[in-house]
Amino acid sequence: MTHLQAGLSPETIEKARLELNENPDILHQDIQQVRDMIITRPDIGFLRTDDAFILRFLRARKFHQTEAFRLLAQYFQYRQLNLDMFKNFKADDPGIKRALTDGFPGVLENRDHCGRKILLLFAANWDQSR
């Protein structure tokens, strides 16, 4: 177990191994492979490249390094193109919480064809003026 898996139960670590292909023996190598791809996109300002942050993207793409990098690049590129939207973006902001509860009823039980969770947003319930 690595420091990045600290706090995870043995069951969760095993589930990550089976379902996400997470291997603690090569975890740092996987992270470094994604980090090494960053130089291929000098047009994007990667604001965070620490191990824990990159690990989120690896887990989201079941440790497919190229797919994890693509998602990481899209994340920062979107934030770069929409600076005004993220200027004061804080999850604990009452307006953000209100917007999410207005239109965010939950997560579907079944996953999509790539194994990803599906979040439901009901735009009709969302009062964008708030």
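Residues numbered from 1 in each chain as written. Predicted model: local features only at pLDDT ≥ 70, side-chain atom pairs only at ≥ 80, totals over all residues. Heavy atoms only, no water.

A. Expanded view of the pattern of salt bridges. Within this structure, the stated rule accounts for seven salt bridges. Put simply, R41 and D43 hold a salt bridge, and the shortest N to O gap is 2.8 Å. As a salt-bridge pair, R70 and E67 come within 2.6 Å of each other at their nearest N and O atoms. With R70 and E67 both in helix α4 (residues 65-81), this residue pair falls three residues apart, about one helical turn. (Salt bridge = Lys/Arg side-chain N within 4 Å of Asp/Glu carboxyl O. Helix = DSSP H or I, 4+ residues; strand = E, 2+ residues; numbered from the N terminus.)

B. Local environment of the side chain of R61. Inspection of the secondary structure puts R61 in the loop between α3 (51-60) and α4. With no salt bridge to any partner, buried R61 finds its closest opposite charge in E67, at an N-O distance of 4.8 Å. Ignoring any residue separated from it by four or fewer positions in sequence, one finds R61 in contact with E67, A68, L71 and R116. (Buried < 20%, exposed > 50% of the residue type's maximum accessible area, 1.4 Å probe, protein only. Lys, Arg positive; Asp, Glu negative; His and termini not counted. Contact = heavy atoms within 4.5 Å.)

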